[in-house]
Amino acid sequence: MRQRLYLGIVLGVFVNCVGEPPGSTGLDVLGSGDIRVLDLTHALDATSPYWPRPGGNPFVHDTLARHDDGAPSMAAYTTPEHHGTHLDAPVHSAMGQVSVDQLTPRDLIGPAAVIDMAANAEADPDYVLTTQDIRDWEAMHGAIPAGAIVLLSTGWSRRWNDTL
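Residues numbered from 1 in each chain as written. Predicted model: local features only at pLDDT ≥ 70, side-chain atom pairs only at ≥ 80, totals over all residues. Heavy atoms only, no water.

1. Examining the overall build of the protein chain
Counting its regular elements, the protein chain contains three helices and nine strands. The linear arrangement of helices and strands in the protein chain, starting from the amino end, is β-β-β-β-β-β-β-α-β-α-α-β. Long-range pairs, those at least 24 residues apart, make up 55% of the contacts in the protein chain between residues at least 6 apart in sequence. (Helix = DSSP H or I, 4+ residues; strand = E, 2+ residues; numbered from the N terminus. Contact = heavy atoms within 4.5 Å.)

This is the structure we're talking about:
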């Protein structure tokens, strides 16, 4: 039996989410329709893609303890930083920004805009979002609120295990 690690990372809580990713199954947390949680996780194992790929996957999952019936009860794992669904700290992209331990829940929760560029990415795997794409989205959906979390939907999750 192949060991898989399921990380329960929820990418975000979207308040008044506009333009949900195609095929998403959001959970209406408060029953009001205003707040939805979208779980964008994937199972991780030694065959999961990661970047960069210098050769061989350094993902390791070890069972540390088992229940009486043999089922794993505790494990340890090692994984590359860019393996699976994860959060990059602002400091990852620019000097002087904060690290993950300095982020607060308020930094990760807020109004969201989902810009769907899946058709563009399908036509051109190297497609880069442009300022005009954002203007076009705003013309259709309204201005993106200040402080909003902007998510780019590329459709690439369907290629999860395609490492070529």
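2. So, a nonpolar patch on the surface
Taken together, L87, V100, L108 and I109 make up a surface patch of nonpolar side chains, about 320 Å² in accessible area. With relative accessibility at 36%, the residue L108 sits in the partly exposed group. (Patch = residues over 30% accessible without salt bridge, like charges linked within 9 Å, V, L, I, M, F, W, Y side chains within 5 Å. Areas by Shrake-Rupley, 256 points an atom, 1.4 Å probe, with all protein chains shown as cover. Salt bridge = Lys/Arg side-chain N within 4 Å of Asp/Glu carboxyl O. Buried < 20%, exposed > 50% of the residue type's maximum accessible area, 1.4 Å probe, protein only.)

3. Let's talk about the pairing of strand β7 (residues 72–78)
With six bridges joining them, strand β6 (residues 60–66) and β7 adopt antiparallel strand pairing. Bridge assignment links A65 to a residue of β7, and that residue is M74. The hairpin turn running from β6 into β7, its antiparallel successor, is five residues long, and G70 in that turn takes a positive phi close to 95°. (Pairing = 2+ DSSP bridges.)

4. A closer look at the side chain of D133
Along the polypeptide, D133 turns up in helix α3 (residues 131–141). The buried charged residue D133 lacks any salt bridge partner; its closest oppositely charged side chain belongs to R135, at an N-O distance of 9.9 Å. Side chain to side chain, D133 and Y127 meet in a polar contact 2.5 Å long. With residues near it in sequence (within four places) discarded, D133 still touches M117, Y127 and V128. (Lys, Arg positive; Asp, Glu negative; His and termini not counted. Polar contact = N/O pair within 3.5 Å; in protein donor to acceptor, adjacent residues only side chain to side chain.)

5. Considering the confidence of the model for the protein chain
When pLDDT is averaged across the protein chain, the result is 74; 68% of the residues are at 70 or more. The model gives residues 1–30 a pLDDT under 50, and that stretch makes 83 contacts with residues more than four places away or in other chains. (pLDDT = per-residue confidence, 0-100.)

6. Notes on the environment of G142
Positionally, G142 belongs in the loop between α3 and β9 (149–153). The spacing of G142 and A113 is 29 residues in sequence and 10.0 Å in space, taken between C-alpha atoms.

7. Concerning the environment of D136
Mapped onto the elements, D136 comes out in helix α3. Residue class for D136 comes out partly exposed when judged on its relative accessible area of 42%. In the structure, D136 is positioned 21 residues away from I115 in sequence and 9.9 Å away in space, judged by C-alpha atoms.

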